[in-house]
Amino acid sequence: MAWFHKNKQPLEPPKEKRVQTEGLWVKCGACRRILWKKDLEANLLCCPRCGHHFKMSARARLEMLFDHGRYVEHDAHLASSDPLQFRDTKSYRDRLRRAEKATGLKDALITGEGLLAGKPAIICAMEFDFIGGSMGAVVGEKIARAIDRCLAQRHPLVIVSCSGGARMMEGAISLMQMAKISAGLARLDEAQRPYISVLSDPTTGGVSASFAMLGDLNIAEPGALIGFAGPRVIEQTIRQKLPEGFQRAEFLLAHGMLDAIVPRKELKAYLARTLNLLGAWDS
Amino acid sequence: MRSEIEKQIAELERYAESEAVREEIERLRQQLAAGRDGFQPTGPATDAWDRVLLARHPQRPYTLDYISALFTEFTELHGDRRFGDDGAIVGGLARFEGRPVMVVGHQKGRDTKQKLLRNFGMPNPEGYRKAMRLMHLAAKFRLPIVTFVDTPGAYPGIGAEERGQAEAIALNLREMPKLRTPVVVVIHGEGGSGGALAIAVGDRVLMLENAIYSVISPESCSSILWRDWDHKQEAARILKLTAQDLQGFGIIDEVIPEPPGGAHNDLGQTAASIRLRLSAALNELSRLPLEELLKQRYERLRRLATFVEESGHRAAG
């Protein structure tokens, strides 16, 4: 019965295949279709087949929203000072350096001032590729300054969130940014300057539990994951599978937490229209 | 003591289908395994992890213990007028050294039944909304507000998300800076992230020597960075979550000393230490004109800015 025993060496796992077209094609996370990247970009990073919204960089976001993609950036030079001297398996400083190299940004948010459908506005956009879009002292200070500018110049404010929450590596200092930004928004509120919060995928933790939920309007992109606790934490706590669609934008809309779900293609027009209706530019 | 913990585990296991209980069982088991039942430091606690254990000590005084030690005529007020009455948040009218005040705080439970009633001190959205309702009530009648912070965090559950946990916390963060009355915060146990902060925005933040205040628990921090819970002690150290650390950052204003071995060794003495600082803070704040009070409250938060301004200003577009 020797033919039962194969003397062959175990099969080598196939070496990682390098597809030469890398960078030209991407797979849609929702419908799994392979898309030509140029098509995807021409469609504002939304799948042309199923409409799935891909993550958008902060730069691309501001270019999409401001007229002709033109804006002046504020406070671009602010960078983290690593207040805790945080070091785990890697140092926080290394993580910062790598994030800066990957994104060309010094932290996870860009503040831009420019024209939105011909009218002045300040828009902050978060960058997920910078340590998960996490909020530390720099994000806190940049938004606080953006609010100051809105108060001084009577501009409306838009913040596009894309973040896992507060930045662990800045400890309680990052926690305090939630209070600091919210206190600033209280001033904007009292001055009756409109603030629209745009929640994109994902917006969770300390970001959702502060400025992202404090808009005069809270609007979200389709399918965006939005919540206080991340789904994994909830599953671990209650030891149950979460229902399909839990914490997605559509779920929040149904539970009364959002004013609207606005597809990316319509976002700019939506912002311009609602800000106008709110009297953002009435003199 | 050991059998005491085992008894607690056995009791909890009867409720094991209910949410959050399994986590508590796990925590007790770990305590048992670590031989850390009723942890008693021999000298003053110096390591951050020792303070974590003291802050979570099963005999540590809870908010209602401090309320009865510090206030008279405490009259509990219930409910958020929207959904329910959250047992993890208590609050009500009371008198402090003769003057009427509003007290609000997280409440943990001592025995199994109480723990379930208090949801282990983890509020749902209705808890934060109740807290805000009481604080607005206080501001309306110009009563100073004292909050007591002691929570592992806001509850991460399905119902909490459905009813807007994030929105509830966020709204408190926006409303507390506007309260037209003095607000003093006492962090006496666990200051668990946003769930703690949601009642911790004030004019003065006082913190007990062995209390902790952090953006994330050492356990979760360890599991994110090292992918296991074995580095929680190191995580506690690097998170800089002790009162001393936080005073250095300007996040808290005063460290309140505890009796040797921790607050649970002498509630009376701990309460007396709190009374002294609370009284001083309230006297000081009541003398400030309201607009000045609000301005200073905002500036206190605004100063929490640690960053560097690097050269090479870049304009885009």
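Conventions used here
- Residues numbered from 1 in each chain as written.
- Chains lettered and ligands numbered in written order.
- Predicted model: local features only at pLDDT ≥ 70, side-chain atom pairs only at ≥ 80, totals over all residues.
- Heavy atoms only, no water.
- Helix = DSSP H or I, 4+ residues; strand = E, 2+ residues; numbered from the N terminus.
- Contact = heavy atoms within 4.5 Å.
- Areas by Shrake-Rupley, 256 points an atom, 1.4 Å probe, with all protein chains shown as cover.
- Lys, Arg positive; Asp, Glu negative; His and termini not counted.
- Charge placed at Lys NZ, Arg CZ, Asp CG, Glu CD.
- Salt bridge = Lys/Arg side-chain N within 4 Å of Asp/Glu carboxyl O.
- Buried < 20%, exposed > 50% of the residue type's maximum accessible area, 1.4 Å probe, protein only.
- Pairing = 2+ DSSP bridges.
- Expected span 1.5 Å × (residues − 1).
- Domains from an automatic or database assignment.
- Buried area = accessible area lost by both parts, 1.4 Å probe.
- Polar contact = N/O pair within 3.5 Å; in protein donor to acceptor, adjacent residues only side chain to side chain.
- Nonpolar A, V, L, I, M, F, W, Y, C, P; charged D, E, K, R; others polar.
- Core = buried A, V, L, I, M, F, W, Y, C linked by side-chain atoms within 4.5 Å.

**Student:** What exactly am I supposed to notice about the overall build of chain A here?
**Tutor:** When you go through chain A residue by residue, the secondary structure sums to 9 helices and 11 strands. Reported as C-alpha extents along the three principal axes, the dimensions of chain A are approximately 95 × 45 × 40 Å. Across chain A, every contact between residues at least 6 apart in sequence was considered, and the portion connecting residues at least 24 apart equals 67%. Per element, the accessible surface of chain A, about 13100 Å² overall, is 52% carbon and sulfur. A gap of 7 Å separates the mean positions of the 40 positive and 31 negative side-chain charges of chain A.

**Student:** Explain the pattern of salt bridges here, please?
**Tutor:** Should their charged atoms come close, side chains of opposite charge can pair. In the structure shown here, the tally under the stated rule is 41 salt bridges over all chains. Glu126(B) serves as the salt-bridge partner of Arg163(B), at 2.9 Å between the closest nitrogen and oxygen. With Arg163(B) in the loop between helix 7 (158-162) and helix 8 (165-175) and Glu126(B) in helix 6 (residues 125-140), this pair connects stretches of sequence that are 37 residues apart. Note on Glu126(B): relative accessible area 8%, which makes it buried. Salt bridges here are not isolated pairs; linked through shared partners, they connect Asp75(A), Glu141(A), Arg145(A), Asp148(A), Arg149(A), Lys180(A), Arg302(B) and Glu309(B).

**Student:** For this particular structure, what's the right way to read the environment of Leu252(A)?
**Tutor:** Residues and elements named next belong to chain A. Looking at the secondary structure, you find Leu-252 in helix 8 (residues 249-254). With 98 residues separating them along the chain, Leu-252 and Arg-154 place their C-alpha atoms 31 Å apart. Those residues in contact with Leu-252 that lie beyond four places of it in its chain are Met-213, Ile-226, Gln-247, Met-257 and Leu-258.

**Student:** Looking at this structure, how should I read the pairing of strand 4 (residues 145-151) of chain B?
**Tutor:** Residue and element names in this part refer to chain B. Of all 7 residues making up strand 4, 7 are buried, and the element is well covered by its neighbours. Both strand 4 and strand 5 (residues 183-192) contribute to a ladder of 6 bridges, which runs parallel. Note that in strand 5 the partner of Thr-147 across the bridge is Val-185.

**Student:** Is there a simple way to explain helix 14 (residues 290-302) of chain B in this structure?
**Tutor:** Because an α-helix completes one turn every 3.6 residues, residues spaced three or four positions apart along the sequence face the same direction. Between its first and last C-alpha atoms helix 14 of chain B spans 18 Å; for 13 residues at 1.5 Å apiece the expected length is 18 Å, and the two agree. Buried residues along helix 14 of chain B sit against helix 4 (137-153) and helix 5 (171-190) of chain A together with strand 5, strand 6 (204-208) and helix 13 (267-286) of chain B.

**Student:** Would you mind showing me how to read the domain arrangement of chain B here?
**Tutor:** Interfaces are often sized by the accessible area lost when the parts come together. Taken as a whole, chain B is organised into domain 1 (1-37) and domain 2 (41-305). The centre of domain 1 of chain B, based on its C-alpha atoms, is set 25 Å off from the matching centre of domain 2 of chain B.

**Student:** Help me understand the interface of chain B and chain A, please; the structure alone is not making it clear to me.
**Tutor:** The partner chain A presents 70 residues to the 55 residues of chain B that form the contact. For the pairing of chain B and chain A, the buried interface totals around 5600 Å² over both sides, and the portion due to carbon and sulfur atoms is 66%. Counting across the chain B and chain A interface gives 5 salt bridges. For Arg302(B), the salt bridge goes to Glu141(A), with nearest N and O atoms at 3.5 Å. For the interface between chain B and chain A, the tally reads 15 residue pairs in polar contact (both at pLDDT 80 or more). Sorting elements by how many residues they give to the side of chain B that touches chain A places helix 8 of chain B first, with 8 residues. Class assignment of the residues belonging to the side of chain B that touches chain A gives a composition of 32 nonpolar, 9 polar and 14 charged. Judged from the 3 bridges that link them, strand 4 (residues 78-80) of chain A and strand 9 (residues 307-309) of chain B form a sheet pairing that is antiparallel. Across the sheet, the residue bridging to Leu78(A) is Glu309(B), located in strand 9 of chain B.

**Student:** How should I be thinking about the side chain of Ser134(A) in this particular structure?
**Tutor:** Residues and elements named next belong to chain A. With respect to the element layout, Ser-134 can be found in the loop between strand 6 (119-126) and helix 4. Look at Ser-134 and you get buried, because its relative accessible area is 6%. There is a polar contact of 2.8 Å between the side chain of Ser-134 and the backbone oxygen of Ile-131. Setting aside its immediate chain neighbours within four residues, Ser-134 contacts Asp-107, Ala-108, Val-139, Ser-163, Gly-165, Ala-166 and Arg-167.

**Student:** Would you take a moment to explain the nonpolar core for this structure?
**Tutor:** The nonpolar side chains of a soluble globular protein tend to be buried, and buried together. Grouped together as the largest cluster of nonpolar side chains are 179 residues, with contacts concentrated most on Leu157(A), Phe211(A), Phe71(B) and Tyr213(B). Broken down by element, the residue count for this core peaks at 10 residues, all from helix 5 of chain A. Discounting chain neighbours no more than four positions away, the residues touching Leu157(A) are Ile122(A), Cys124(A), Ala146(A), Ile147(A), Cys150(A), Leu185(A), Leu188(A), Pro194(A), Tyr195(A) and Ile196(A).

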